[in-house]
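Okay, here's what each chain looks like letter by letter:
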4 protein chains.
Amino acid sequence: MLPKPMGNLSDRKYAHIQLADDAQLEAGHINKLFDYEPLFSSHPSTIDLSTSFLGKTLGAPLWISSMTGGTGEARIINQNLATVAAEFGLGMALGSCRPILKSDNDFEDFNLRPILGAELPFWANLGIAQIEELIENNELESIKEMLSKLSADGLIIHINPLQEWYQPEGDAFARAPIETIKDVIAAQIPVMVKEVGQGMGPRSLKALLELPIKGLELAAFGGTNFSKLEKLRENEALSHKHSELMFVGHTALEMIDQINLLRNELGDKCLCKDIIISGGISDTLYGHWLSERCTLNNVVGRAKSY
Amino acid sequence: MLPKPMGNLSDRKYAHIQLADDAQLEAGHINKLFDYEPLFSSHPSTIDLSTSFLGKTLGAPLWISSMTGGTGEARIINQNLATVAAEFGLGMALGSCRPILKSDNDFEDFNLRPILGAELPFWANLGIAQIEELIENNELESIKEMLSKLSADGLIIHINPLQEWYQPEGDAFARAPIETIKDVIAAQIPVMVKEVGQGMGPRSLKALLELPIKGLELAAFGGTNFSKLEKLRENEALSHKHSELMFVGHTALEMIDQINLLRNELGDKCLCKDIIISGGISDTLYGHWLSERCTLNNVVGRAKSY
Amino acid sequence: MLPKPMGNLSDRKYAHIQLADDAQLEAGHINKLFDYEPLFSSHPSTIDLSTSFLGKTLGAPLWISSMTGGTGEARIINQNLATVAAEFGLGMALGSCRPILKSDNDFEDFNLRPILGAELPFWANLGIAQIEELIENNELESIKEMLSKLSADGLIIHINPLQEWYQPEGDAFARAPIETIKDVIAAQIPVMVKEVGQGMGPRSLKALLELPIKGLELAAFGGTNFSKLEKLRENEALSHKHSELMFVGHTALEMIDQINLLRNELGDKCLCKDIIISGGISDTLYGHWLSERCTLNNVVGRAKSY
Amino acid sequence: MLPKPMGNLSDRKYAHIQLADDAQLEAGHINKLFDYEPLFSSHPSTIDLSTSFLGKTLGAPLWISSMTGGTGEARIINQNLATVAAEFGLGMALGSCRPILKSDNDFEDFNLRPILGAELPFWANLGIAQIEELIENNELESIKEMLSKLSADGLIIHINPLQEWYQPEGDAFARAPIETIKDVIAAQIPVMVKEVGQGMGPRSLKALLELPIKGLELAAFGGTNFSKLEKLRENEALSHKHSELMFVGHTALEMIDQINLLRNELGDKCLCKDIIISGGISDTLYGHWLSERCTLNNVVGRAKSY
Ligand SMILES: Cc1cc2nc3c(=O)[nH]c(=O)nc-3n(C[C@H](O)[C@H](O)[C@H](O)COP(=O)(O)O)c2cc1C
Ligand SMILES: Cc1cc2nc3c(=O)[nH]c(=O)nc-3n(C[C@H](O)[C@H](O)[C@H](O)COP(=O)(O)O)c2cc1C
Ligand SMILES: Cc1cc2nc3c(=O)[nH]c(=O)nc-3n(C[C@H](O)[C@H](O)[C@H](O)COP(=O)(O)O)c2cc1C
Ligand SMILES: Cc1cc2nc3c(=O)[nH]c(=O)nc-3n(C[C@H](O)[C@H](O)[C@H](O)COP(=O)(O)O)c2cc1C
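Residues numbered from 1 in each chain as written. Chains lettered and ligands numbered in written order. Predicted model: local features only at pLDDT ≥ 70, side-chain atom pairs only at ≥ 80, totals over all residues. Heavy atoms only, no water.

A few points about the site of ligand 3
Okay, step 1: Around ligand 3 sit 22 residues, and of these S66, S96, K194, T224 and G280 of chain C come closest.
Okay, step 2: Surrounding ligand 3 is a set of residues that belongs to chains A and C.
Okay, step 3: Within the side chain of K194 of chain C, a nitrogen or oxygen atom sits 2.7 Å from an oxygen atom of ligand 3.
Okay, step 4: At 2.8 Å, a side-chain N or O of T224 of chain C approaches an oxygen atom of ligand 3.
Okay, step 5: Contact with the protein chains removes 97% of the 600 Å² of surface that ligand 3 exposes when unbound. (Near = heavy atom within 4 Å. Polar contact = N/O pair within 3.5 Å; in protein donor to acceptor, adjacent residues only side chain to side chain. Areas by Shrake-Rupley, 256 points an atom, 1.4 Å probe, with all protein chains shown as cover.)

As for the site of ligand 4
Okay, step 1: S66, S96, K194, T224 and G280 of chain D are the nearest of the 22 residues found near ligand 4.
Okay, step 2: Mapping the residues adjacent to ligand 4 onto the chains of the assembly identifies chains C and D.
Okay, step 3: Between S66 of chain D and ligand 4, the recorded distance is 2.8 Å, taken from a backbone N or O atom to an oxygen atom.
Okay, step 4: Contact distances for ligand 4 include 2.8 Å between an oxygen atom and a side-chain N or O atom of T224 of chain D.
Okay, step 5: In isolation ligand 4 has 610 Å² of accessible area, and contact with the protein removes 97% of it.
Okay, step 6: When its residues are assigned to classes, the shell around ligand 4 shows seven nonpolar, eleven polar and four charged. (Nonpolar A, V, L, I, M, F, W, Y, C, P; charged D, E, K, R; others polar.)

A word on the sheet that holds strand β9 (residues 274-277) of chain A
Residue and element names in this part refer to chain A.
Okay, step 1: Pairing is parallel around the closed barrel formed by eight strands, whose spatial order is β3-β4-β5-β6-β7-β8-β9-β10. Between one strand and the next, the sheet's axes are offset by a mean angle of 25 degrees, whatever the strand orientation.
Okay, step 2: Sheet strands in contact with helix α12 (residues 284-293) are β9 and β10 (297-302), and its direction is about 155 degrees off that of β10. (Pairing = 2+ DSSP bridges. Helix = DSSP H or I, 4+ residues; strand = E, 2+ residues; numbered from the N terminus. Axes fitted to C-alpha atoms, helices over the stretch in contact; angles between N-to-C directions. Contact = heavy atoms within 4.5 Å.)

A closer look at the pattern of salt bridges
Residue and element names in this part refer to chain A.
Okay, step 1: Under the criterion given, the structure shown has 40 salt bridges over all chains.
Okay, step 2: Between E139 and K102 there is a salt bridge whose closest N-O contact spans 3.6 Å. Of the two residues, E139 is situated in the loop between α5 (128-136) and α6 (141-150) and K102 in the loop between β4 (91-96) and α3 (107-110); the sequence distance between them amounts to 37 residues.
Okay, step 3: Residue class for E139 comes out partly exposed when judged on its relative accessible area of 27%. (Salt bridge = Lys/Arg side-chain N within 4 Å of Asp/Glu carboxyl O. Buried < 20%, exposed > 50% of the residue type's maximum accessible area, 1.4 Å probe, protein only.)

Considering the relation of the copies chain C and chain A
Okay, step 1: Placing chain C over chain A gives an RMSD of 0.0 Å and needs a rotation angle of 90 degrees, together with 0.0 Å of translation along the axis. Taken together, the turn and the small shift mark the pair as related by a four-fold rotation axis. The rotation axis passes nearest to the C-alpha of G28 of chain C in chain C, at a distance of 13 Å. (Least-squares fit on C-alpha atoms with pLDDT ≥ 70 in both.)

Concerning helix α8 (residues 177-186) of chain D
Residues and elements named next belong to chain D.
Okay, step 1: Among all positions of α8, only P177, I178, T180, I181, V184 and I185 are buried. The buried residues of α8 occupy one face: seen down the axis, they fall within an arc of 160 degrees.
Okay, step 2: Looking at the buried side of α8, the elements it contacts are α5 (128-136), β6 (154-158), β7 (191-194) and α9 (202-209). (Arc of directions from axis to C-beta.)

Concerning the pairing of strand β5 (residues 122-127) of chain C
All names here are of chain C.
Okay, step 1: In terms of burial, β5 is a largely internal element, six of the six residues being buried.
Okay, step 2: What you see with β5 is no split at all: F122, A124 and L126 on one side and W123, N125 and G127 on the other are buried throughout.
Okay, step 3: In this structure, strand β4 (residues 91-93) lies alongside β5, joined through two bridges in parallel fashion. Within β5, the residue paired with M92 across the bridge is F122.

Side note on the interface of chain C and chain A
Okay, step 1: Counting residues at the interface gives 59 residues for chain C, matched by 37 residues for chain A.
Okay, step 2: Each partner contributes to the roughly 4000 Å² buried at the junction of chain C and chain A, and carbon and sulfur atoms together form 64% of this total.
Okay, step 3: At the junction of chain C with chain A, the criterion picks out one salt bridge.
Okay, step 4: The salt bridge partner of E254 of chain C is K32 of chain A, with a shortest N-O separation of 2.9 Å.
Okay, step 5: At the level of secondary structure, the elements contributing two or more residues to the side of chain C that touches chain A comprise α2 (72-88), α7 (161-166), α8 (177-186), α9 (202-209) and α10 (226-233) of chain C. (Buried area = accessible area lost by both parts, 1.4 Å probe.)

Thoughts on unusual backbone geometry
Okay, step 1: Positive phi, normally seen in glycine, also occurs at Q188 of chain A, with a value near 65 degrees.
Okay, step 2: In this structure, Q188 of chain A sits in the loop between α8 (177-186) and β7 (191-194).
Okay, step 3: Look at A219 of chain B: it is not a glycine, yet its phi comes out positive at around 45 degrees.
Okay, step 4: Following the sequence through the fold, A219 of chain B ends up in the loop between β8 (215-217) and α10 (226-233).
Okay, step 5: Looking at A219 of chain B, the relative accessible area reads 6%, which means it is buried.

Some thoughts on helix α11 (residues 252-266) of chain C
All names here are of chain C.
Okay, step 1: With 15 residues, α11 ought to run about 21 Å at 1.5 Å a step, and its terminal C-alpha atoms sit 20 Å apart, in line with that.
Okay, step 2: Inspection of α11 places A252, M255, I256, I259, N260, L262 and L266 among the buried residues, and these make up the whole buried set.
Okay, step 3: In this structure, the buried residues of α11 make contact with α9, β8 (215-217), β9 (274-277) and α12 (284-293).
Okay, step 4: In the stretch just after α11, G267 is the one whose phi turns positive, near 55 degrees. (Expected span 1.5 Å × (residues − 1).)

Description of the environment of E37 of chain D
Okay, step 1: Mapping E37 of chain D onto the fold places it in the loop between α1 (8-19) and β1 (51-53).
Okay, step 2: Non-local contacts of E37 of chain D, meaning those with residues more than four positions away in its chain, are made with G201, P202, R203 and S204 of chain B.
Okay, step 3: Of note is the side chain of E37 of chain D, whose polar atom sits 2.5 Å from the side chain of S204 of chain B.

Looking at the packing of α11 of chain C against α12 of chain C
Residue and element names in this part refer to chain C.
Okay, step 1: Where α11 contacts α12, the two axes come as close as 10 Å, and the packing angle between them is 15 degrees. The orientation of α11 with respect to α12, classified from their angle, is roughly parallel. Between α11 and α12 the crossing geometry is right-handed. Contact residues: α11 offers A252, L253, I256, D257 and N260, while α12 offers Y286, W289, L290 and R293.
Okay, step 2: Looking at the contact of α11 with α12 residue by residue, the class counts come to six nonpolar, one polar and two charged. (Parallel < 35°, antiparallel > 145°, perpendicular 65-115°, else oblique. Left-handed = near helix turned anticlockwise from the far one by under 90°.)

If you want it as structure tokens, here you go:
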């Protein structure tokens, strides 16, 4: 038991001696991403973290990545996230908006613009398979209507062939996703593109950077993995699908280095300017380091860890 | 407990939120053998995996490696494997055919050609020690008879000096195995050569590639190890045999790199054209990667993991 | 049970046989910092470890680093440490002397000069935040008075912006620490500078070596970490402060290599001559090796492990 | 339970299927010291392992390293080892012969020549401290007498300053061991030199190779460690002796590479021709590999693991 402390200062000093044993940090745990330089500045009283992204101004370089709504609990989560985004000035994307494409029943679940306010980026989300279907049926206009009802700035298209393959009720893509994306762009819909947890290799990144898309979200390997998630859900009959496949992918670090190379290589042909760095970025310092490393304008996004 | 789901779609979405915690994949587990490029193709509706091997056509580039028959259970296993091979168009090798060399008692255990059909590769198997004995006794013709009774395409010779040494009742080789192999070739018997779980070093690989053998099976270090198996069976009196020896060997990766080098070095003198990549290939993706890496025509073989 | 030993020599020999099993050291545990050369000298009967440091002579190249006093137990610890320092001729620094800056109540807790004697280095200690405050209030003279009352050789200034930030009652620095240090130097107070467990990066080290300070203590990353300690103490309301930050820092090895480089680079402009190597130096041999590696005059310091 | 086996062959085959699961060896465990080349030779029926060492002929290139006798059990161990050495034609060294230097009481404990026979190397053993004492007292002749009583081929001198320092009753060396060794050589006593578990660094090895000693035993770091053994025995009063020191040393591999370099460097000046490779060589294959790596004539020695 601790003896009675003798007032505020002594209290703290006493705790120091008691806690010193637990406060050992082994040299091996050191974070070598940054130098520690304690001499050259005072503690800041205010910090301006605001940044320009997707043509709007954020209060901090952070992004709340797409998470599906639709059920009661998810609605509340999304509304809470929107409240936070409004307070701190963050950008936010909806999860897949499929439920409200053709029906207005669930509209309120997705109607976050009133919470967010007009000044922050707010983006809708659809999977490439749904869009393929819309194109086939000549219904691309329904996306525009949805965006306008949501007052959303544009559409994030997620491309997830591996997840769909693992998913028992998954959709097979009938066309190459890049063609589908081009059709959406041609329809004058503002577009961002992402995977959902595997990231993308260099050829895909190059193809995307060359398109006039508004942004690219990494959704890299290293965080929530939808292939693994589907594998966890799978029923007996499907359990023969090899789990090895879900480990193929690309980390955020690898994708950023690739993007930096491609940006140099492409020069003026790099039409995509804004990057959302996401996929397992649970360590804030690491996210900051990645952000500094990326030579395109960027913010850090998270889904799961909010 | 999960709240009652609200229909099919919401059901899945709801599961997503619940499972996201378990669906984290750490960046460290990433598989760096392949790039993931999700943009450029649709999901294939049919895939043609057929390949030409040992002068026949396989439905898929897979091989069922030799496993001994003879006991009741093994017979059923082998028949089941043959049924699978017939269905998917795979090549198949028998385990050691010693029991049927001189007697017809067990013939039905090995008589898989009726199940496999005529169009698939079907190979018999003998150890080098038995063949040495046949040569000594001038009985090489009995191999031809056996192949003909089995309607087998040829003979796989397994060379396992280490296993024989570990084995209490093991045979000592009286000649260098390479000489024995040459005699079998000279007798116009179609021949493949393999180890049984240690693989082979560069000198042995070179010697084999220069011979007019029909194929080479790696049976590399990294899977079922017959030296270890014999060590596990050994009785007290033999337990002084050092277990260190069983760790000497060569992995499939190492052997393939060596084969690629040798193929370049040998040019036209490389007479062996077909390779069965086997020995611990339990990860399908890794097998595929090895297969692409190998510059000789090849299929991937497994024994234990079937 | 051990059989009865047969006198002194046999006793030992017998123990050898019994203990040989436990006395195996795996090759992997070898310490590669030193060569073992058993041939060239006798066992020394006396060793002169004395060294010149901070203008005085130490009996051994060791330093007792600052640990806060103020509570009853800490007073006894400090007095015991001072007794040891006096016996072996070590240098010693007080923990933060804030309690005695403006009041004489706790003076005896810090009054170790009578125990240490006049010939050994004895240094007072204050945090940069307190000094900032003194400068603001034009009270720098109170430091001089304190040093004179303590008969201390000078003042060690600890610079710990990260700890202060983690600390609920922590002080925010209003100025860049380097400016505060310069003011103290200008006031003709003998000064040493240190961190408290993160070490410092190359820019900070360079700036310090160029100042006419009497010494520099590494207080490197790898031992007691005050950021972690404050994090351990923190209450709920503050637990959002990211623990990742505390892993940013510099090890003693890294700092010494940096100091060696800077010393070469700075030449005559390197005004600081004496280094206290500290921060997690719990292995004596490693400390000795670091000491030999450092090209500036140095001693090894410890706090926690005394 | 295993079903009743159906005779000898099937029995084994059946066991194969059952054991295959346990007989998996992961690729990571592979031993890369040797290539496995199964094609080029028959199983040898006899192997001649005989080798010339220390001017005599061994039946196998193996050496039984010094282990102290004196107590009842040790006597039996040593006699058993001598019986084995005689049977297989191995060289053998006694443990420290201090007990029989000045008294004949324990002579029979050390009297192994009658068991070994005249044709095998048989060496006595003394620590450098005892020899120092003999030289001081002008009693070097007593070594010659001892060797002659034992019919030993010469004296192995063990040099163990670190063990002596850790040992409560340990002797301090008053002279540099190399000087003591030279005196013994000058007295025309055939000499080998060794450590007892730390090995020796390059300077020591060079000095020894330049002396006309009959052999050098590595007694390298990686096996029985006498510093650790003494540390385990130590009483409270001595427990302040740092355990870090016992990790300083040199492995057999490192010493052999050094010896190979020195041999090239020294040329004709390398007067020592025979090496006993010892110190933690518990893996026979590794010992064989080290033996092939060493360019001086050598055998592999063990103490503990016999
Ligand atoms: C519960 C959950 C639901 C998600 N739903 C969607 C979705 O509907 N559409 C989409 O593009 N991504 C979706 N994602 C993926 C995330 O937006 C993000 O790309 C991915 O989780 C990687 O980020 P993280 O590691 O920070 O979770 C979802 C993620 C989670 C955890
Ligand atoms: C139960 C069992 C029996 C085997 N019997 C034979 C045999 O009779 N002849 C042979 O050449 N190889 C035999 N093998 C070896 C395999 O053909 C193959 O070379 C080896 O197991 C490595 O492949 P794996 O790692 O996929 O098991 C046998 C393997 C197993 C597991
Ligand atoms: C209980 C305790 C109290 C300390 N108090 C102070 C202090 O008041 N001022 C200071 O400059 N450093 C203080 N330190 C830091 C040490 O002087 C030293 O820089 C740090 O502990 C690293 O050395 P170590 O790894 O040997 O503990 C304290 C350390 C401990 C363990
Ligand atoms: C029980 C025991 C007693 C030993 N006694 C001696 C000795 O008296 N003299 C000596 O030179 N070395 C002695 N040694 C050391 C060994 O000869 C050898 O140098 C050392 O053990 C390293 O070999 P190892 O790893 O095979 O045990 C002894 C070793 C053991 C295990």
